[in-house]
Amino acid sequence: MIVSRLLSTYAPQSLGGIPPPLKGIKILDLTRILAGPTATMLLGDLGADVVKVEQIGKGDDTRSWNPPSAPLLPDASEGPAESAYFLAVNRNKRSITVNFKSPEGIAILHKLVAQSDVLVENFISGKLVEMGLGWEDCQKINPKLIYASITGYGQTGPYRKSAGYDVIIEGEAGLMHITGEPDRPPAKVGVAATDIATGLYTHGAIMAALFSRQQTGKGVWIDCNLFESQIAGLANIASNYLIAGQEASRHGTAHPSIVPYQVFPCKDGFIMIGAGNDRQILNLPDLPTDTRFASNINRVQNRGELVKIITDVLMTKNRDEWLEMFKGIGVPNGPINNIKETFEHPQALARKVTVEVDHPRAGKIKLVAPPVSYNGQKMPVRMPPPCLSQHTDEAPSSRSPPTIDMEQFDQILELDADDPEYEFSASMVGAYFGQALSTFVEMEEALVSKDLSKLSELGHFLKGSSAQLGVSRVQASCAKIQHYGHLKDLEKHVDLTDKEALEMISSLMSTVKSDYDAAEAWLKDYYKEKGVEVVVEEVA
């Protein structure tokens, strides 16, 4: 099935410092561009199963926002290159395509609504109502559904039908008015900050709604929008106006109430200085002890003179020379780095701010890693950003799931012919789930220890238990693992070295887990539709 639970099929060391807190939560993602995809990506990072529903043939608008794009593998499937923009905010998701204009497409979406915990959408207010996918429509299908709407201006008010664009909202909600140099026109922020902030607010609101549902058992309609998110982001600037009636202005990189607190040019670059108190300002090299600069109030009044003095001094040396001189003297400072320097920063390297993943069309690509650590470890990137329609064959409209041999599974169901509770087959499936999860953990451990004999043994075991239920793809892949562990490639009729066998098993593991996830989700949904809960039997 499309909305499949991503299970804990990874070794403990790869799961981060805590188990994925949203494991088992199903997200139906009807968003595109940046704000919505940011919110759903963050949910996916925490273990939620995010299914991104895209337009047939085109997909998310940002798929075509290139260059730049990731170079494709020589044997990549046909289609445009994978844009860097799309890759930035769509990790840990699946992709399906659905025709929103056809009755069949709406039927598929209704079924997904019934299976989901959360729906996230960013259509213009009222658009999904016209399609039969509005909040009230979906609540009738699934009363516990959390329905998160992201719009430009919210669900009420005179602008509710207006489209929302980050750059327009930046101007309309005050951010552009305070961004830029004082003697230059207003400027936009270098990234779509309003979109990103709205995505963060939406992510937080969904987490709160999940807690609310635990208490009430009811779904929630979340109304997030760019306009209010940006106004909230004005922070102290908004408070200055509301409390004191003080209108804001542009100061470039400078601070209206603290001097010096801005970017200064050096001989070969720029440096940011933020001297927040009198002691710090006195530590600046060659600064005369002039009464005009003795206190912050005086420095604000004599801003121009002080900025010129500091600039003249800093222009005598290169940036890195000043950075070295400023070490340990108590003056807050930092370089203005370009993007290359940012990713080569020693702290960025130490914190592992990037992660490399295998993309099915582009090969190995680098992404920005999740920025939060839990008990010293980050959540893993389980899946690369999906190709367009990569998981459509798992759609609920499919008569038979691609990972299940229905002929074999039907034989198991026949054992429950006179039992409406499906007790025998459901317990057999629950036992299989527990065995599979335990086996995957052991396989990861055996890979780390390079124990080919153990890998072969585990592959043989999971092959057999998968065959009993008709989990055919897992069965086939585990047969390969069994033979690779014996240093045999039966497809090519060649012997393998230890290194070759380990590499082939390692490469195959992600496929095995993905196929298992799809089969496990389909089986659980199958029994759920019959009112039967499958209990996973833990292996001691």
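Please refer to the structure higher up on the page.
Residues numbered from 1 in each chain as written. Predicted model: local features only at pLDDT ≥ 70, side-chain atom pairs only at ≥ 80, totals over all residues. Heavy atoms only, no water.

### Here's the deal with the sheet that holds strand E11 (residues 333-335)
Sheet strands pair by backbone hydrogen bonding; their relative direction is either parallel or antiparallel. For clarity, the threshold we go by: DSSP bridges decide pairing: two strands pair if at least two such bridges lie between them. Counting from the N terminus, the helices are the DSSP runs of H or I reaching at least four residues and the strands are the DSSP runs of E reaching at least two. In this analysis an axis means a line fitted to C-alpha atoms, helices contributing only their contacting stretch, and an angle means the value between N-to-C directions, from 0 to 180 degrees. Whether two residues are in contact is decided by their heavy atoms: any pair within 4.5 Å suffices.
Taken in spatial order, the three strands of this open sheet run E9-E10-E11, and their pairing is antiparallel. Each having just a single partner strand, strand E9 (261-265) and E11 make up the two edges of the open sheet. With strand direction ignored, the average angle separating the axes of adjacent strands in the sheet is 20°. Both strand E10 (residues 270-274) and E11 contribute to a ladder of three bridges, which runs antiparallel. Looking across to E11, one finds that Met272 is bridged to Gly334. The sheet strands contacting helix H12 (residues 303-314) are E9 and E10, and the helix crosses E9 at an angle near 40°.

### Re the layout of surface pockets
Our working definition: A 1.4 Å probe that fits but cannot get out identifies a cavity on a 1 Å grid over protein atoms alone, an open set with protein on both sides within 12 Å along at least five of seven lines counts as a pocket, and a residue lines either if it has an atom within 4 Å of a point. Grid points are joined across faces, edges and corners, and a volume is the space filled by probe spheres set on the points. Three classes are used, and their members are as follows: Ala, Val, Leu, Ile, Met, Phe, Trp, Tyr, Cys and Pro are nonpolar, Asp, Glu, Lys and Arg are charged, and the others, Gly among them, are polar.
Roughly 1,100 Å³ of volume is contained in the second largest pocket. Met41, Ala88, Val89, Ile196 and Val368 are, among the 38 residues lining the second largest pocket, the residues nearest its centre. Elements that contribute at least two residues to the lining of the second largest pocket include exactly helix H1 (35-45), strand E3 (69-70), helix H2 (84-88), helix H6 (166-172), helix H7 (193-216) and strand E13 (363-368). Here the residues of the lining of the second largest pocket sort into 26 nonpolar, four polar and eight charged.

### Digging into unusual backbone geometry
A negative phi angle characterises most non-glycine residues, just as the trans form characterises most peptide bonds. Residue Pro67 follows Asn66 across a cis peptide bond; omega there is 5°. Following Val259, the chain continues to Pro260 via a peptide bond in cis, the omega torsion being -5°. On the secondary structure map, Pro260 appears in the loop between helix H9 (235-244) and E9. The phi torsion at Asn92 lies on the positive side, around 55°, for a residue other than glycine.

### Quick word on the pairing of strand E5 (residues 93-98)
The criterion, for reference: We call a residue buried when its accessible area falls under 20% of the maximum for its residue type, exposed when it is over 50%, and partly exposed in between, using a 1.4 Å probe and counting protein chains only.
Burial within E5 is extensive, with six of its six residues counted as buried. On E5, burial covers both faces: Lys93, Ser95 and Thr97 on one face and Arg94, Ile96 and Val98 on the other are all buried. Bridge count for strand E2 (residues 49-55) against E5 is six bridges, and the pairing is parallel. Following the sheet pairing, Val51 is matched in E5 by Arg94.

### A word on the environment of Thr40
Operational definition: Each polar contact in these results corresponds to two N or O atoms within 3.5 Å; when the atoms are within protein, one needs to be able to donate a hydrogen and the other to accept it, and residues that are neighboring in sequence are counted only if both atoms are side-chain atoms.
Along the chain, the position of Thr40 falls in helix H1. Each C-alpha atom of the pair Thr40 and Asp29 lies 6.9 Å from the other, and the pair is eleven residues apart in sequence. Look past the residues within four positions of Thr40 in its chain and what remains in contact with it is Ile27, Asp29, Thr31, Val50, Lys93 and Val120. A distance of 3.2 Å separates the side chain of Thr40 from the backbone oxygen of Pro37, its partner in a polar contact.

### A word on a nonpolar patch on the surface
Our working rule: Within the patch definition used here, like charges are joined within 9 Å and nonpolar side chains (Val, Leu, Ile, Met, Phe, Trp, Tyr) within 5 Å, considering only residues with over 30% relative accessible area and no salt bridge. Method for areas: the Shrake-Rupley scheme with a 1.4 Å probe, in which residue coverage is limited to the protein chains shown. For this document, the term salt bridge refers to a Lys or Arg side-chain nitrogen within 4 Å of an Asp or Glu carboxyl oxygen.
A cluster of nonpolar side chains, contributed by Tyr165, Val167 and Ile168, occupies part of the molecular surface with about 300 Å² of accessible area. Among the secondary structure elements, Tyr165 is positioned in the loop between strand E7 (146-151) and H6. Judged by relative accessible area, Tyr165 falls into the exposed class, the value being 52%.

### A word on the packing of helix H18 (residues 452-469) against helix H19 (residues 472-485)
Inclusion rule: The labels follow the angle: roughly parallel below 35 degrees, roughly antiparallel above 145, roughly perpendicular from 65 to 115, and oblique for the rest. The hand of a helix crossing depends on one turn: near helix anticlockwise from the far one by less than a right angle means left-handed, and clockwise means right-handed.
Between H18 and H19, the least distance of the axes is 7 Å, while the angle of their chain directions is 155°. Accordingly, the angle class assigned to the pair H18 and H19 is roughly antiparallel. Where H18 crosses over H19, the handedness of that crossing is left-handed. On the side of H18, the interface is formed by Leu452, Leu455, Ser456, Gly459, His460, Leu462, Lys463, Ser466 and Ala467, while H19 contributes Val474, Gln475, Cys478, Ala479, Ile481, Gln482, Tyr484 and Gly485. Split by residue class, the contact of H18 with H19 holds nine nonpolar, seven polar and one charged.

### A closer look at the pattern of salt bridges
Counting across every chain of the model gives 25 salt bridges. For Arg94, the salt bridge identified is with Asp49, shortest N-O distance 3.2 Å. Taken as a pair, Arg94 in strand E5 and Asp49 in strand E2 lie far apart in primary sequence, 45 residues in all. Per residue, the accessibility class of Arg94 equals that of Asp49, and both read buried. Several salt bridges converge on common partners, so that one network encompasses Glu54, Arg63, Glu82 and Arg361.

### Some details on the sheet that holds E7
The strand order E5-E2-E1-E6-E7-E8 describes an open sheet built from six strands, whose pairing is parallel. Whereas interior strands pair on both sides, the edge strands pair on one side only; in this sheet they are E5 and strand E8 (220-225). Sheet twist, expressed as the mean angle between neighbouring strand axes with direction ignored, is 20°. As paired elements, strand E1 (residues 26-30) and E2 share four bridges and run parallel to each other. Each bridged residue has a counterpart across the sheet, and for Lys26 the counterpart in E2 is Asp49. Against the sheet, H7 engages strand E6 (118-121), E7 and E8, with an angle of about 165° to E8.

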